[in-house]
Amino acid sequence: MLIHIVGGGPRHLLPDLRSYDGDDVQWVGVDRGTKALLDFGLRPVRAFGDFDSLPAGEVKRLREMLPELDIWPAEKDKTDMEIALDWAVRQTDGAIRLFGATGGRLDHLFGNVELLLKYAGRPIELIDRQNVLTVHLPGVHTVARDDRYRYVSYIPISETVAELTLTGFKYPLTNCHISRGSTLCISNELIQSSGTFSFSEGILMMIRSSDFAGCP
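Everything numeric in this text was worked out from a predicted model, so none of it was measured.

(A) Here's a closer look at the sheet that holds strand 10 (residues 160–167). Read across the open sheet, the four strands follow the order 8-13-10-11; overall the sheet is antiparallel. Each having just a single partner strand, strand 8 (139–144) and strand 11 (173–179) make up the two edges of the open sheet. Each strand axis lies, on average, 25° off the axis of its neighbour in the sheet, ignoring direction.

(B) Representation of helix 3 (residues 80–91). The terminal C-alpha atoms of helix 3, which comprises 12 residues, lie 17 Å apart, in line with the 16 Å expected from a rise of 1.5 Å per residue. Turning to helix 3, its buried residues are Asp80, Met81, Glu82, Ile83, Ala84, Leu85, Asp86, Trp87, Ala88 and Val89. Residues of helix 3 that are buried in the fold lie against strand 1 (2–6), strand 2 (25–30), strand 3 (46–49), strand 5 (96–99), helix 4 (106–118) and strand 6 (124–127).

(C) How the structure looks around the packing of aromatic side chains. Scanning the model with the defined rule gives five aromatic pairs in all. Their ring planes at 75° and their centres at 6.0 Å tell us that tyrosine 154 and phenylalanine 169 sit as a pair that is edge-to-face. Taken together, the residues span a long stretch of sequence, with tyrosine 154 in strand 9 (residues 151–156) and phenylalanine 169 in the loop between strand 10 and strand 11 at a distance of 15 residues. As far as the burial class goes, tyrosine 154 and phenylalanine 169 line up, both buried. Taken together, the ring pairs in this structure connect Tyr20, Trp27 and Phe99 into an aromatic cluster.

(D) Looking closely at helix 2 (residues 56–65). Every buried residue belonging to helix 2 is among Glu58, Val59 and Leu62, and all of these are buried. Down the axis, helix 2 shows its buried residues gathered within 100° of arc, on one side only. Projecting away from the buried face of helix 2 at angles above 90 degrees are the exposed residues Ala56, Gly57, Lys60, Arg63 and Glu64. Against helix 1 (33–39) and strand 4 (69–71) lie the buried residues of helix 2.

(E) Spotlight on unusual backbone geometry. With phi around 50°, aspartate 31 is a residue other than glycine that occupies positive phi space. Checked against the element boundaries, aspartate 31 lands in the loop between strand 2 and helix 1. Under the relative-accessibility criterion, aspartate 31 is labelled buried at 8%.

Definitions and limits used
- Residues numbered from 1 in each chain as written.
- Predicted model: local features only at pLDDT ≥ 70, side-chain atom pairs only at ≥ 80, totals over all residues.
- Heavy atoms only, no water.
- Pairing = 2+ DSSP bridges.
- Helix = DSSP H or I, 4+ residues; strand = E, 2+ residues; numbered from the N terminus.
- Axes fitted to C-alpha atoms, helices over the stretch in contact; angles between N-to-C directions.
- Expected span 1.5 Å × (residues − 1).
- Buried < 20%, exposed > 50% of the residue type's maximum accessible area, 1.4 Å probe, protein only.
- Contact = heavy atoms within 4.5 Å.
- Phe/Tyr/Trp six-rings, centres within 6.5 Å; stacked < 30°, edge-to-face > 60°.
- Arc of directions from axis to C-beta.

Okay, structure coming up:
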């Protein structure tokens, strides 16, 4: 089972969510993202949030349409997205994708990235029209070439990432130590059908990007 969570980020950054649908996918709405899901013709199995970003009439309509609406108070110790993600990781060990989690307010963006760090090692992706962001723990990881996302960047999240090795890339590395704040591994590219990245210590963020907001 895959769980796809849609937050209330700017609509123009959402890919076509229908292209991510499937029989094994369960959709979850977060606050205003619930309405975005319905606009795409997708029905959430659950929806979380304080829904303070929507007019009262719209919230009333959502209540009538979605008995699975889980309304929280505006004053709480977690964001709506964290509540939804905490629920999702209890439901499945499979992949979880976050949409509508970038753009707009930077505090929300950084908060959502922190959620990936909270669950580092779990297969969770943060996706918008130009980017796919994941967080990785030490080990050997395979990445397939995807021409929709030409650029592959690696950003150290911990103080140091030890023995980073990149194979199958335009700019390979062998047992390189990189520190937080380094831009050494920005805008690399795969030159084979797949490549690997490996490291022995630290936490590493991978961002796959396109120059254009035309990705599905």
